[in-house]
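Fold and contact review
Residues per chain are reported as follows:
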Amino acid sequence: MQTESSLSTTQLRQDANRWLRTYGTFIGFLAMIVIFSLLRPGVFLSPNNLRNITEQVAILAIVATTMTVVMVVGDFDLSVGALASLSGVVVADLLIQGVGLWPAVLAALAVGATAGLFNGLLVAYFGLSAFVATLATMTAFRGLSLFYTNGSTLFSGIPESFRLFGQSFTGPIPNSVLIMLAVLAVTWFVLEQTTFGRRLYAVGGNAQASYLAGLNVRALRLSAFVISGLGAALAGVVLTSRLFSAHPTAGEPLMLNSIAAVFLGMTMFREGEPHVPGTFVGVLLLGVMSNGLNILQVNSYIQLVLTGVIILLAVLLSGLARRG
Amino acid sequence: MRHKLVHVVWMFALMWSLAACTAVAPVAPAGDAGGTGQTKTIAVVTPYMANATTKYAIEQFEKYAKAKGWNVTVTDTNADFNLLVSRIEDAVTQKVDAIVLGMGDPAQMTKGLEAAQAAGIPVFGLDAGNGPGVVLNITSDNGQLGRETARYLAEAIGGKGNVVMFTHDPHPGVRARAEAAAAEFANYPEITVIEKKHIEVPGPVDFARSVTQDLLTAYPNDGDIAGIWAGWDEPALGATQAIEAAGRSGIVVVGIDGTDFARAEIAKGGPFIASIAQDFDGMAKQLADIIEAYFNGEKPAGDSVQIPGVMVTRE
């Protein structure tokens, strides 16, 4: 009798723990929304502000989504921010030189894919750690952007048609948000619904076993970097369109923020695995927090502290629960 | 690797702090040519010739120095401070009459400067900094840049209303601008600085744009915010874009540095109404005069000369 009841208590506690670790961060996110709405009623949840938030997170969401793919196979890509800057510089320069809209955008994406291929070769075929390889290419890409622009901002002569990606709307929805949704949907589908995606997860779970099971581990890791390079380049194009100018370091903040978003996402819904829905909520959490704290007129420095604390709390919560 | 990274970061920090600026009206060269009759040789050493601003300042200095009949050699080390020390030592060996540092922090080239000092060769900073053996450094007056732009903004909003400041206090130059601007706003009793927002770098344009969007949400009515003062041009650009995208009227923006993109925005007639350019031409000219006076035995009064900036407005 006693054994049985203590068993069921243990069972209950385990269930509660599992529930907490799978939904804790998400609940925290919802709580944050409730708090902001109560503190600034009618402002935070206004359609205008919601549109602002989605617009503000769109570019980060694109990078974080494709970063998720790299993190699924167990790697990192530190070069995404510098690569976004580089592709932004490339698209702006080509447009200024009179190259057509779509060829310029495709060229920028090609730069991203090539850079991703290079990262992938270094990591998957030359055996460099992703950290070292992408740290090096990050520096090189940053140098290329600075060299390309001579450290200055490209803005003069960008055609109006380029507003399409970062400033125009389709109905009430900003195009940048539509691009973000497309990237989210495609990446989710590839990772969750295709054999290719399941293989990526297999590599991330156990590369050795995947290799023994006959998977082409190297090609899979390489492809993840190509996807990440493409995502970074696309983000760079949207960013350059949004700012209607290309700054040689404009994309840099995307790198750490995207990794933070994927980590936040890993604390949600599923156990310790990067996945697209989690990453998206992670991105939203970061975006909502910075927007909400700005609206509440919180000191800029304190905002940074709070952001760090929230990330730690989320990771700790899921980690602590796992121990229980 | 780490070494290189530090350099890139450093270079970047300098690049945006010294963001490009263009010429003001050329000044007639000084008539007086040297004092002693013997041809003087000046070695200009710089780590930053790739930077457009540095290049411009050094070319202007060359122009004024040659007008005085001096020989000028320019050496660029492409952000390599170690090599820069070697080049300073080379100049010392060649017994040049003076060395000019074209930007670059003297703290990173102490060994070379000490060699110059030991050989009795004067070193002058052209927007560089002070250090051992540096007789004098000529640079922009960041306080004046902040004060003038703040005054312009204050007058543009009729001396009253709420003002937001975009700052970056960890950077000493931008901090000096913000402190002077805040002091200037305090002279207007009907102006209130309602927010001071720290703008993150890199990525200041997009950051400032998002912050401005949020501020417009937090202060939703026309007249809630009258003006935005930005410590440099990039955040001013971001603020301008957010104001325009939101369709808000009655908010004006000022920046600092007189960058080409700021000039383009100002010319459009939108919310971005003014910036201020560092006067590198004036700096170069005055430095040439100071060096000439030094050759004639007149030691400068202090080790620093600050040159006021030139306002860039729609007119």
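Definitions and cut-offs
Residues numbered from 1 in each chain as written. Chains lettered and ligands numbered in written order. Predicted model: local features only at pLDDT ≥ 70, side-chain atom pairs only at ≥ 80, totals over all residues. Heavy atoms only, no water. Helix = DSSP H or I, 4+ residues; strand = E, 2+ residues; numbered from the N terminus. Contact = heavy atoms within 4.5 Å. Salt bridge = Lys/Arg side-chain N within 4 Å of Asp/Glu carboxyl O. Buried < 20%, exposed > 50% of the residue type's maximum accessible area, 1.4 Å probe, protein only. Buried area = accessible area lost by both parts, 1.4 Å probe. Polar contact = N/O pair within 3.5 Å; in protein donor to acceptor, adjacent residues only side chain to side chain. Nonpolar A, V, L, I, M, F, W, Y, C, P; charged D, E, K, R; others polar. Bend = angle between axes of the 7 residues up to and from the residue. 1 Å grid on protein atoms, 1.4 Å probe; cavity = no way out; pocket = protein on both sides within 12 Å on 5 of 7 lines; lining within 4 Å. Points joined across faces, edges and corners; volume = space filled by probe spheres on them. Domains from an automatic or database assignment. Core = buried A, V, L, I, M, F, W, Y, C linked by side-chain atoms within 4.5 Å. Axes fitted to C-alpha atoms, helices over the stretch in contact; angles between N-to-C directions. Parallel < 35°, antiparallel > 145°, perpendicular 65-115°, else oblique. Left-handed = near helix turned anticlockwise from the far one by under 90°.

Once that is clear, we can look at the overall build of chain B. Scanning chain B from N- to C-terminus turns up ten helices and twelve strands. Residue pairs in contact within chain B that sit at least 24 positions apart in sequence constitute 76% of those at least 6 positions apart.

The next subject is the pattern of salt bridges. Residues and elements named next belong to chain B. Counted under the stated rule, the structure contains 19 salt bridges over all chains. One salt bridge in this structure joins Asp 90 and Arg 87, with 3.0 Å as the shortest N-O distance. With Asp 90 and Arg 87 both in helix α3 (residues 81-93), this residue pair falls three residues apart, about one helical turn. Owing to a relative accessible area of 31%, Asp 90 belongs among the partly exposed residues under this scheme. Taking relative accessible area as the criterion, Arg 87 reaches 28% and is therefore assigned partly exposed. A salt bridge links Glu 89 to Lys 111; the nearest nitrogen and oxygen atoms lie 2.9 Å apart.

Turning our eyes to something else, we now look at the interface of chain A and chain B. Quoted interface sizes are often the accessible area lost when the parts come together. With 36 residues of chain A at the interface, the matching set in chain B holds 32 residues. Here chain A and chain B share an interface that buries about 2,900 Å² over both sides, 55% of which is from carbon and sulfur atoms. Viewed at the interface, chain B and chain A are joined by one salt bridge. The shortest N-O distance in the salt bridge between Asp 206 of chain B and Arg 242 of chain A comes to 2.7 Å. The tally of links from chain A across to chain B stands at 16 residue pairs in polar contact (both at pLDDT 80 or more). Of all the elements, helix α5 (residues 130-149) of chain A adds the most residues to the side of chain A that touches chain B, at six residues. Residues belonging to the side of chain A that touches chain B are distributed by class as follows: 15 nonpolar, 16 polar and five charged.

Residue and element names in this part refer to chain A. If you look at helix α2 (residues 47-72), its biggest bend is around 40°, right at Ala 58. The buried fraction of α2 amounts to 21 of the 26 residues, a majority that puts the element mostly inside the structure. Positive backbone phi, approximately 90°, marks Gly 74, located one or two places after α2.

Attention shifts here to the layout of surface pockets. There is about 1,300 Å³ of room inside the largest pocket. Forming the boundary of the largest pocket are 43 residues, of which Pro 253, Leu 254 and Asn 257 of chain A together with Glu 200 and Phe 207 of chain B lie nearest the centre. Counting only elements with at least two residues in the lining of the largest pocket, the list comes to α2, α5, α10 (253-266), α11 (276-295) and α12 (300-323) of chain A together with α1 (2-17), β7 (190-198) and α7 (204-218) of chain B. The element contributing the most residues to the lining of the largest pocket is α10 of chain A, with eight residues. Partitioning the lining of the largest pocket into residue classes produces 25 nonpolar, 13 polar and five charged. Looking at which domains feed residues into the lining of the largest pocket, each of domain 1 (2-140 + 282-307) and domain 2 (142-277) of chain B gives three or more. Counted as a void, the second largest pocket has a volume near 660 Å³. Considering the residues around the second largest pocket, the lining is formed by 36 residues, among which Gln 241, Ala 242, Glu 244, Ala 245 and Ala 246 of chain B are closest to the centre. Mapped onto the lining of the second largest pocket, the elements with two or more residues apiece are α2 and α9 (217-243) of chain A together with α7, α8 (233-246) and α9 (260-268) of chain B. Looking at the lining of the second largest pocket residue by residue, the classes come out as 14 nonpolar, 13 polar and nine charged.

In this section: the nonpolar core. Membership of the largest hydrophobic core comes to 95 residues, with the highest contact counts inside it found for Val 91, Phe 162, Phe 165 and Met 180 of chain A. Looking at which element gives the most residues to this core, the answer is α2 of chain A, with 14 residues. Look past the residues within four positions of Phe 165 of chain A in its chain and what remains in contact with it is Leu 101, Trp 102, Val 105, Asn 175, Ser 176, Ile 179, Val 237, Val 238 and Ser 241 of chain A. Of all hydrophobic cores here, the second largest spans 47 residues; its members include Val 85, Ile 99, Leu 126 and Ile 291 of chain B.

Right, let's talk about the packing of helix α2 (residues 52-67) of chain B against helix α10 (residues 280-295) of chain B for a bit. All names here are of chain B. Direction vectors running N to C along α2 and α10 enclose 40°, while the axes themselves pass 8 Å from each other. Overall, the two elements α2 and α10 adopt an arrangement that is oblique. Judged by the sense of rotation from one axis to the other, the crossing of α2 with α10 is right-handed. Contact with α2, carried on its side by Thr 53, Tyr 56, Ala 57, Gln 60, Phe 61, Lys 63 and Tyr 64, involves Phe 280, Asp 281, Ala 284, Lys 285, Leu 287, Ala 288 and Ile 291 of α10 and no other residues of that element. Classifying every residue of the contact of α2 with α10 gives nine nonpolar, two polar and three charged.

What follows covers the side chain of Ser 145 of chain A. Residue and element names in this part refer to chain A. Position of Ser 145 relative to the elements: it lies in helix α5. Judged by its relative accessible area of 0%, Ser 145 is buried. Each residue touching Ser 145, except ones within four places of it in the same chain, is listed here: Ala 82, Ser 85, Leu 86, Val 89 and Pro 248.

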